[in-house]
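Residue-level structural notes
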Amino acid sequence: MKFEKVLAERKDKVIYKDGDRCIKVFDENYRKSDVLNEALNQSRVEETGLKMPKILEVTKIEGKWAIVSDYIEGKTLAQLMAENPDKLDEYLELFVNVQLDILGRKSPLLNKLWDKMKRKIDETDLDATTRYELQTRLSGMHKHHKVCHGDFNPSNIIVTEDGTPYVIDWSHATQGNASADAARTYLIFVLEGKEDVAKKYLHLFSQKADIPVQLVQEWMPIVAASQSVKGKPEEKELLTSWASVISYE
């Protein structure tokens, strides 16, 4: 494969730039169903009119599955935050505004967040009592139908030169509860060691969305359990402690 530039490397995929196209190439052992599901998720969200790269094709390159989409020129919001720490509040404002725009959309054919969380809880290695408590908590949550990104963090927003934000990486998209998506974002900041940013984000989200912080906190044990399924040793202690509490503080 001879592409113009490597944009990012992950455990099971490499993302390339090739002219005005972005090419995500998956490892040979990546399941075809997961590749097609990611492409389907992104295609369904595209139909909502959000600012995001458009899928151009799903293909195979040297025997590996690949998703080809528009290349968006710009810097990630994470890069901008690192380069301009004095503008953190301004960038967080943009960040939350973009998330609320997403949550304001509907895509009735997306998988349901509630079903995904139920399955993930069952896949954890938590004890039966904790799994029961989490499933009981989940069953009591309101089943909303908002578009949820599922991995909403500053690395997944590209800001163009004119300041337009585009959201990438829709592999975890579902329809569900806004508070669950916010809880997931809060958790990402904490796992990156950015507790202060996490707190700022949570209070800004609560204020702008007019959602009590307590409703987001109610989802935190559930999203922690879901994240634990990834089996990252460095995250295990924190995620287990979060998932094991009945009332998150």
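Our subject is the structure listed above.
All values reported here derive from a predicted model rather than from experimental measurement.

**Brief notes about the overall build of the protein**
Helices and strands together make up the secondary structure of the protein, namely nine helices and 10 strands. Over its C-alpha trace the protein gives a radius of gyration of 18 Å, about what one expects of a compact globule, namely 18 Å for 249 residues. If you line up the protein on its principal axes, its C-alpha atoms span 50 × 40 × 35 Å. With 249 residues in all, the protein has 49% of them scored as buried. For the protein, the proportion of contacts with a sequence separation of at least 24, taken over those separated by at least 6, is 65%. For the protein, the accessible surface area stands at approximately 12,900 Å², while carbon and sulfur atoms represent 48% of it.

**Quick notes on helix α4 (residues 113–123)**
Turning to α4, its buried residues are Leu-113, Lys-116, Met-117, Lys-120 and Ile-121. One side of α4 holds all its buried residues, which, seen down the axis, span an arc of 135°. Against α5 (128–139), β7 (146–148), β10 (174–176), α6 (178–191) and α8 (213–228) lie the buried residues of α4.

**Quick notes on the nonpolar core**
With 56 residues, the main nonpolar core has Phe-95, Trp-170, Tyr-201 and Phe-205 as its most contacted residues. Not counting chain neighbours up to four residues away, the residues in contact with Phe-205 comprise Val-96, Gln-99, Leu-100, Leu-103, Ala-178, Ala-182, Asp-210, Ile-211 and Val-216.

**Considerations on the pairing of strand β2 (residues 13–18)**
Within β2, five of the six residues are buried, which leaves it mostly tucked inside the rest of the structure. For strand β1 (residues 5–9) and β2, the ladder comprises four bridges, and the chain directions are antiparallel. Looking across to β2, one finds that Ala-8 is bridged to Ile-15. Between β1 and β2, which pair antiparallel and follow one another directly, the connecting turn spans three residues. Across six bridges, β2 lies against strand β3 (residues 21–26) in antiparallel orientation. Following the sheet pairing, Tyr-16 is matched in β3 by Ile-23.

**Here we look at the pattern of salt bridges**
Tallied over the full model, the rule gives 14 salt bridges. In this structure, Glu-57 and Arg-21 form a salt bridge, with 3.6 Å as the shortest nitrogen-oxygen distance. Of the two residues, Glu-57 sits in strand β4 (residues 55–61) while Arg-21 sits in strand β3, which places them 36 residues apart along the sequence. In this structure, Lys-24 and Glu-38 form a salt bridge, with 2.6 Å as the shortest nitrogen-oxygen distance. In this pair, Lys-24 is assigned in strand β3 and Glu-38 in helix α1 (residues 32–46), connecting sequence segments 14 residues apart.

**Description of the packing of aromatic side chains**
Tallied over the full model, the rule gives eight aromatic pairs. For the pair Phe-95 and Phe-152, a centre-to-centre distance of 4.5 Å together with 25° between the ring planes defines the contact as stacked. In this pair, Phe-95 sits in helix α3 (residues 88–103) while Phe-152 sits in the loop between β7 and β8 (157–159), placing the two residues 57 residues apart along the sequence. By the burial criterion, Phe-95 is buried, and Phe-152 matches it. Taking the centre distance of 5.9 Å and the plane angle of 65° together, the rings of Phe-95 and Phe-189 count as edge-to-face. Linking Phe-95 in helix α3 with Phe-189 in helix α6, this pair joins segments that are 94 residues apart in sequence. Like Phe-189, Phe-95 is buried. Among the aromatic residues, ring-to-ring pairing joins Phe-95, Phe-152, Phe-189, Tyr-201 and Phe-205 into one connected group.

Parameters at a glance
Residues numbered from 1 in each chain as written. Predicted model: local features only at pLDDT ≥ 70, side-chain atom pairs only at ≥ 80, totals over all residues. Heavy atoms only, no water. Helix = DSSP H or I, 4+ residues; strand = E, 2+ residues; numbered from the N terminus. Rg over C-alpha atoms; globule rule 2.2 N^0.38 Å. Buried < 20%, exposed > 50% of the residue type's maximum accessible area, 1.4 Å probe, protein only. Contact = heavy atoms within 4.5 Å. Areas by Shrake-Rupley, 256 points an atom, 1.4 Å probe, with all protein chains shown as cover. Arc of directions from axis to C-beta. Core = buried A, V, L, I, M, F, W, Y, C linked by side-chain atoms within 4.5 Å. Pairing = 2+ DSSP bridges. Salt bridge = Lys/Arg side-chain N within 4 Å of Asp/Glu carboxyl O. Phe/Tyr/Trp six-rings, centres within 6.5 Å; stacked < 30°, edge-to-face > 60°.

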